[in-house]
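Each chain is listed here by its residues.
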Amino acid sequence: QVQVVESGGGLVQPGGSLRLSCRASGFTFSSYSMSWVRQAPGKGLESVSDIDRGGDNTYYPDSVKGRFTISRDNAKNTLYLQMNSLKPDDTAMYYCTKTMGSVVHRPVDSWGQGTQVTVSS
C-alpha cells in the first residue's frame, strides 16, 4: 500500500533552518507529483510547495517563496523540503502528500503522519 513517512521536524529558533525528508513506498514514486502541506494550530491546511514527477517544475505560495525549496530524489524515493529563514508563523505540522497526477497542482490522495516544526526562541 501507499506509504509516505516524514522526518526532520523539530524546534528551531527564528531565522534558523530545517530540512524535512519524506520516504515513499508502495507506488512508483517517479510517476507522481508530490507536495508538502502544513497545518498550524487552529488554522486550516496550507499547501507550501509542489513538485512535478521529474522535479523540473515547482510551486510555492507567497508565504514561503524564496525561503523554502522542494526537491526530490527519484532514485531514493525521497522528497525533501529545505526551509530557511524560518519564522514563528511557520510553526505547524508538516505533511508529505502524494498527488493523483504527474504535474503540479493536482489533488492529493495520500498523506503521511506529519512531522512537527516549531519555530520559537
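Further up the page is the structure itself.
Report on the accompanying structure. (Residues numbered from 1 in each chain as written. Predicted model: local features only at pLDDT ≥ 70, side-chain atom pairs only at ≥ 80, totals over all residues. Heavy atoms only, no water.)

To continue, consider the pattern of salt bridges. For the coordinates displayed, the defined rule picks out five salt bridges. Taking the shortest distance from any N to any O, the salt bridge between Arg38 and Glu46 comes out at 2.8 Å. Accessibility expressed as a relative area gives 27% for Glu46, which makes it partly exposed. Each of the salt bridges in this network shares a partner with another, and the network as a whole consists of Arg38, Glu46, Arg67 and Asp90. (Salt bridge = Lys/Arg side-chain N within 4 Å of Asp/Glu carboxyl O. Buried < 20%, exposed > 50% of the residue type's maximum accessible area, 1.4 Å probe, protein only.)

Among the structural elements, Val104 can be located in the loop between strand S9 (92–99) and strand S10 (108–111). Taking C-alpha positions, Val104 is 7.1 Å from Tyr59, a pair spaced 45 residues apart along the chain. Here Val104 is in contact with Ser33, Asp50, Ile51, Asp52, Asn57 and Thr58, once residues within four sequence places are set aside. (Helix = DSSP H or I, 4+ residues; strand = E, 2+ residues; numbered from the N terminus. Contact = heavy atoms within 4.5 Å.)

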